[in-house]
Structures are given as structure tokens and as C-alpha cells.
There are 2 protein chains.
Amino acid sequence: MNFNLNFNNIAESYLFAEVADRVAKYTKANPDKKVLKLGIGDVTLPLVPEVIKALHSAVDDMGKAETFKGYGPYEGYSFLRDSIRGYYKKIGVALEDNEIFVSDGAKSDLGNILDIFSENNTVLVPDPVYPVYVDTNLMAGRKVIFADANEGNGFLPMPDYSVNADIIYICSPNNPTGAAYTKEQLKEWVDYANKKNAVILYDAAYECFITDKTLARSIFEIDGAKTCAVEFCSFSKIAGFTGTRCGYTVIPNELKKDGNSANKMWLRRQSTKFNGVPYIVQKGAAAVFSDEGMKQIQQNLAYYKRNAKLIADCMDELGIWYTGGKNSPYIWLKCPDGMKSWEFFDYLLHNAQVVGTPGAGFGKNGEGYFRLTAFGSEEVTKEAVSRIKALLRK
Amino acid sequence: MNFNLNFNNIAESYLFAEVADRVAKYTKANPDKKVLKLGIGDVTLPLVPEVIKALHSAVDDMGKAETFKGYGPYEGYSFLRDSIRGYYKKIGVALEDNEIFVSDGAKSDLGNILDIFSENNTVLVPDPVYPVYVDTNLMAGRKVIFADANEGNGFLPMPDYSVNADIIYICSPNNPTGAAYTKEQLKEWVDYANKKNAVILYDAAYECFITDKTLARSIFEIDGAKTCAVEFCSFSKIAGFTGTRCGYTVIPNELKKDGNSANKMWLRRQSTKFNGVPYIVQKGAAAVFSDEGMKQIQQNLAYYKRNAKLIADCMDELGIWYTGGKNSPYIWLKCPDGMKSWEFFDYLLHNAQVVGTPGAGFGKNGEGYFRLTAFGSEEVTKEAVSRIKALLRK
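Numbering of residues begins from 1 in every chain and follows the order in which that chain's sequence is written. Note on labels: chains are lettered from A, ligands numbered from 1, in written order. Where totals are concerned, whole chains, interfaces and linings use all residues; where local detail is concerned, this predicted model gives features only for residues with pLDDT of at least 70, and gives and counts side-chain atom pairs only at 80 or more. Side-chain metrics rest on all non-hydrogen atoms present in the structure, leaving aside hydrogens and water.

Draft legend 1. Structural view of the interface of chain A and chain B. Whether two residues are in contact is decided by their heavy atoms: any pair within 4.5 Å suffices. With 77 residues of chain A at the contact, the number on the chain B side is 77 residues. The buried area of a pairing is the accessible area, by a 1.4 Å probe, that goes missing from both parts when the two are put together, added over both. Together chain A and chain B conceal approximately 6400 Å² of surface at their shared face, both sides included; 58% is due to carbon and sulfur atoms. Ranking the residues of chain A by area buried against chain B places Met1, Phe3 and Arg268 of chain A at the top, with a combined share of 14%. Every case where a carboxyl oxygen of Asp or Glu lies within 4 Å of a side-chain nitrogen of Lys or Arg is listed as a salt bridge. Taken together, the links from chain A to chain B amount to 2 salt bridges. Residues Arg268 of chain A and Asp135 of chain B are paired through a salt bridge, measuring 2.8 Å at the closest nitrogen-oxygen approach. Polar contact criterion, stated in full: a pair of N or O atoms within 3.5 Å, where within protein one must be able to donate a hydrogen and the other to accept it, and residues adjacent in sequence count only if both atoms are side-chain atoms. The interface formed by chain A and chain B contains 39 residue pairs in polar contact (both at pLDDT 80 or more). Numbered from the N terminus, helices here are DSSP runs of H or I no shorter than four residues, and strands are runs of E no shorter than two. In terms of residue count, helix H8 (residues 262-273) of chain A provides more of the side of chain A that touches chain B than any other element does, 7 residues in total. Across the side of chain A that touches chain B, the residue classes tally to 33 nonpolar, 26 polar and 18 charged. All residues other than Ala, Val, Leu, Ile, Met, Phe, Trp, Tyr, Cys, Pro, Asp, Glu, Lys and Arg, Gly among them, are scored as polar; the first ten of these are nonpolar and the last four charged.

Draft legend 2. Structural context of the pairing of strand E4 (residues 143-148) of chain A. Residue and element names in this part refer to chain A. Think of it this way: DSSP has to see at least two bridges between two strands before they count as a pair. For strand E3 (residues 122-127) and E4, the ladder comprises 6 bridges, and the chain directions are parallel. Bridge pairing in E4 links Pro126 to Ala147. Handedness of the crossover joining E3 and E4 through helix H5 (residues 131-139): right-handed. Orienting the strands away from the viewer, one traces the path from the first strand over the helix to the second; a clockwise path indicates a right-handed crossover.

Draft legend 3. How the structure looks around helix H8 (residues 262-273) of chain B. Multiplying one less than the number of residues by 1.5 Å gives the expected span of a helix. Under the 1.5 Å per step criterion, the end-to-end length of H8 of chain B is 16 Å for 12 residues, consistent within 8% with the ideal 16 Å. Relative accessibility under 20% of the residue-type maximum defines a buried residue, over 50% an exposed one, and the middle range a partly exposed one, all with a 1.4 Å probe and only protein chains included. For H8 of chain B, a buried count of 10 out of 12 residues is recorded, marking the element as mostly surrounded by other parts of the structure. For H8 of chain B, the full list of buried residues reads Ala262, Asn263, Met265, Trp266, Arg268, Arg269, Gln270, Ser271, Thr272 and Lys273 of chain B. At its buried positions, H8 of chain B is contacted by helix H4 (106-112) and H5 of chain A together with strand E2 (100-103), helix H4 (106-112) and strand E10 (260-261) of chain B.

Draft legend 4. Structural view of the sheet that holds strand E14 (residues 357-358) of chain B. Residue and element names in this part refer to chain B. What the 4 strands build is an open sheet, ordered E11-E12-E15-E14; its pairing is antiparallel. A strand with exactly one partner marks an edge of an open sheet, and here the two such strands are strand E11 (322-324) and E14. In this structure, strand E12 (residues 330-334) lies alongside strand E15 (residues 369-373), joined through 5 bridges in antiparallel fashion. Across the sheet, the residue bridging to Tyr330 is Thr373, located in E15.

Below you can see the structure in the form of C-alpha cells.
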């Protein structure tokens, strides 16, 4: 037996481990100081009552022979897929029933989808980037090239026709930068992909934070996207499902090449390597789309959006350049006084006891930048903002 | 973009679709006849009360800020991994804490584990076989060779030192044949694997049906297995989790080659392409190992074991050769009167209205054999057995 030695090409990810380590050391040395964490992109509000009600009801179903559910459809139950289809319909996107696949999360599908593509494809990812896009491809031995995201393009790189790529990752609103493409900008990417015969893997995990009508909630709002894009979305951020695990992937029937259909290949992949999402979890996810469920979800989203505004307003007041904060739970700020990412991390930790994520951990263009998230509690966010203002006000 | 054309090498799996199709046609033509299904390997008893109680309690946790759980550990919560470790300890297998990985099911992990092995490895699978072992490897372009299982070896092929293989699949008790290896037989496979520097992927999904002490519940009961084996297990059969989705994979720290550790590579794979099993589901799974939970589970298992015995006794009475029935929920029988698998399928459907699975669907050596399962209700199993006896008694 030989191992897959491509694994040796993946850089060890020390980012969040290093963050945790520095925080632990600081806390040990300063046990009296209250450290405020705005680092990790995990939610803090509990599941909403309508989801909890649906989960309990589904658990009851599993305890009775008449309503017990064994193996379910690989692609998810119709009751959930129909609800997802309805969610897309509200933003003007018409999907076929078979184009929606329920999964255990966008991260799993973003990695697993690569099974259906050749290993000889060249992959284009932005820098800075969610590390999963890079690592999943390096594991399979694919060539990865980068599109520079920086202050010049507002961390929204646009297509370069001199670059040839087969698989293109776009995350909008972006993790880690919070920057979001307009519909016109996405149209340029769709045209590029169709022209180059490339596929766009579109990570829409943060679409629920979009309020600006000029921004796309789905790549399928863009003409031509159905022949070149796959979309990944998740209940993690819209409904706090980070520990409940449910997402969905949309693969248009039009996405074909040489008689092969991406949709059919993915169904084959899933039916061979996956056995569906727990019935209980799917019932909980479906409750997100009920009138009452959606109302409750929106209250939670409004809570996180207020946190984002608090942080963004703070940066405005301090005159610090940033992306995100609007239409996104992330604020990606330029470290003040030319500090490097880790330098600013330590400065903020030691002088304001606020923890964020050093941008350098997301790629070379992240150096000198820093990510704060809106997923903390309102109390923690307010206190953190107040400390940051006190520290950085000139 | 180019698709992964290895997908075109996978045979379309028509087995269960063809079964469903023939049953549907028969039912339409004979609406008054009651068809009894002993075909699919899915459970029918609901989740036991202790599991239901734990699931409800976990749902409550998710509804309150103080107990809400976001992202959990990639490898599963300690409360569940500790319970699994305890389960192994009872059969004399000592595992390190980091050797256990909780997953959404044995099927997912059996497929996904291949990410850590080179594509140049040669794969040895028994014939007949659970099709997933073959298809997952063909998708990745690996060479698959077969070990003949047949009446001569009791559907338990033994190692052939003239064959070189890198990855070896063993499922014991076997799906579809119900045959189970003794500890001595498994020792021969372990010695072969260590000698050939091969890895054994050991599917233990049906271990809970073993009562015979000469049979292994885990490959790690065998000396030398920790340097050559990975074990996959599941809550699907022991606790009826086919629609609740939880399993676990054991990767010993000793499984290494050239400085690479299978355990570390799998953790890296999972942390990159997976975000863990729902907290709620893990809480339900942990309840299986409580004293009361295990008592309730054993009652369900006893129910299925009685069904298996009913079918096995029927074959004994009819003088039909079979494997399984004991230590397994499957009965793999030789079709009477030299009938071929699909011929017997039609004969049984049309004359006794009993549905099973044609052995030919599991590989060339399955031709002339037929699988019945013990997962139906007691009522259906008794009625089916009575009809089979009436039909086949000479």
C-alpha cells in the first residue's frame, strides 16, 4: 500500500491553533483580564423555536414504528428540497426538483464535488481565501493558481482572460474579506467561465447577509450561470446550524460536457459515498422556511447584522480602511500604523483583550489585514468595539 | 474543465431499481396479492426509548444559549468516543482516544478513506461484494481485482500469496452472504496484509449480530491487525440508525508507512472536507452504550436474530444450502433446482409473493444465489417463511 503523497503538499494549518495558543498563554499570565473573542466564524445564538419544535416532532417520528424513517433519498427528502426550491423562487431563480441536493454542509460538498472533475484541471482561487478550497485540491494533486484580491480591487478580483483555469472558486459575500460581488461583476465571471469552458464553484454560505439589491444572492440570478456553475449553500449561518449540519448544493441540468452531466455524476457520487442527511435534521432545516421559522431566523440575522454595523461604524469612526460589515458578518480591516497581521493580533490582545483572526493566515495578500466577526454576543461586541476605539483613537 | 472520466467505468447499478420495477409491475397486475418484502437491508424497528430520550434532551440543549453547540470536534465529541472505546474494551480491544473517529456512517468513511491512499494501489475485493467497495475505487481510477467467494470456500475466500494487493476489503459478517470469518481465518488475512504491506479496510457494520465466540467482533481482536487495518462500524444495524446517520472508524496509530501516519492523514482529510456529525445525533448514539440503552438495543437485535433463525430453519427444513442466518441478518441461499438468481426472483415473486435480492446483482459468483434479510417485521417474516415452505416443499 502507498499513501497519497499529495497530502505532504498541504501546509499544516496552524492559524486557529496558533490563535488559541497565544490566547491561552495570555490568559494564563493575566487571569484577571476578560478576553473578548471575535475570531471564529461560529454562531452563538441558539436554534430558533420553530426549528426546535420541528426537531422534537421528528425525534418523536423516529420513536414510533408507523412514522420511523430508515434510509432516506440520497439527495434529500422532497419536503426539504421543495422548500429550498421555494426559497430560490423568491429571488427569481427557477430550479428543477432534481437540481437540488441536500448535504451535511457546504464544506463537505465543496470538497467532495471534486470527485467528479478530472485531476488535470487547473484551479483558480482568490488570495486571501478560505483554506479548504486550496487544500482539497492539493490533496488530489491538482494545480492551484491564485487571483490577487487586494485593496486596489476592493478584495474582489475580476477575470483575467490571459489566465486559463478549469475550476474557479468564488465565495460571495466572501470569507474572510466580507466583500461581495455585484450582479454585473458576477456576470463578467460567468461570461469568462463559459468562454473558457470552466466551472465556477460558487460558495453562497453567507448569502443571507445580503440586503443590497445590486448584489447577487445566488449565482443563478446571472444569465448564463446554469451552463457553468455549481452553487453551495448552508443552514449554518442563516439558521445557526454549525453544530446541526445541513446544507445544499445546486447543480443545473445544463452543466454538461461531451455527453457527461455534472448533475448525474454527482448523484452517482453521492449514492456511492453518502447515505443522506439525518431525517431529524432535514425536518429541522425545513422549518427554517416556514413563515414563522423565517420570521424568527430574520430576528437572529438582524442581531448579527447589528453587531456587524457596530464594528463597521467603529472602523469608520477611526478612519480604518475595511471591506465587509455590510452584507456580510465579517469585517476585514487594514491593520493600523502599517502593522503586520500577527503584530496587530498581539497588540489588540495585549492592550484591549480582543481576539480576531490575522489575515496573513488566509494567504499572502492577507498580510497586514485582520478579520473580526459579527457572530459574538451583542454584549461582547459592544464591549470589544468600545475597547478598540479607546485603544486606537488618536 | 474536464470531468473525471473514470465515472464512465462504473456499471450503472440497476439492482434495486430493477427489483423495484419488477415488483411494481407485478403489484399493478395483481392488486389483490399481498407482497412480502425481505429484500432491502434496512431496519424496521423504531429507535429505542433511551435513544429517543437522549435525542430530545439534545434538541433542548440546542434551543438554549447556555447549552447550544456550534461547530464540534471533527473527530466527534469525547462523550461518544469514550463510549465507543468502552464498547471495544468489553471485547478486549484497547484503543487510544485519538484512534476513534465519529462519522455520518460506515458507507461515507469506506468511500472517503480512499482519499489518503495512492491511486496506484491495487484493490482486492471478494466477489460477490457490496458494490460500494468496487465503485468508489473505479471512480478514482484504481485497479480492482477479485477474490472468489463460492460454495467451495463457504463464501469466505482466504489469502492467495501469489496475488499482490495493496488495499483489501473484508466485510464480516458479510453483506450479502452473511458468512463470517473465524478469528483464525482473520489471522491469516492479517498475516498476509502485514507480509504484503497491504492495508485491510474492515467493514464491521454487522458485528452486533455475532454470538459465536470463535468469530471476531473486531479485526483488532487479531494480533498484528493494528499495523495493517482500519475498521469501519456503524450505528445503523445495532441501533436502527439507517435514517439517523452515525458511524465510527478506527485507525490505529501504528498504521504508518515511510513516516506517514494513516491516523494523522485521516484527521487532516476530515478536518478539510467534513465538519462533524450533528451534536444531537451524537447524543443519541451515546445513549446506545448506556446500561438501559444497551438492554433495549439487545431486545431489538434479538427480534432480528429470531427472524434470521426462522428463515435459516426454513432452509434447513427444505434442504437448501445457505450461508449466514446465524451471526448475521442475511441468509444467502442457493437457488433451488439450479435456477438462476433472477429466475428464482421471479419464481418467488409470482408464486409466493416474496421479494428478495438476486445474488447475481452482487457479482459473477452471486449468480444462482439469493439474499433474504431478517430486517422485516416478525409478522412478515413468519408469513414469508410459511409461503416459501409451501412453495418449495417437494
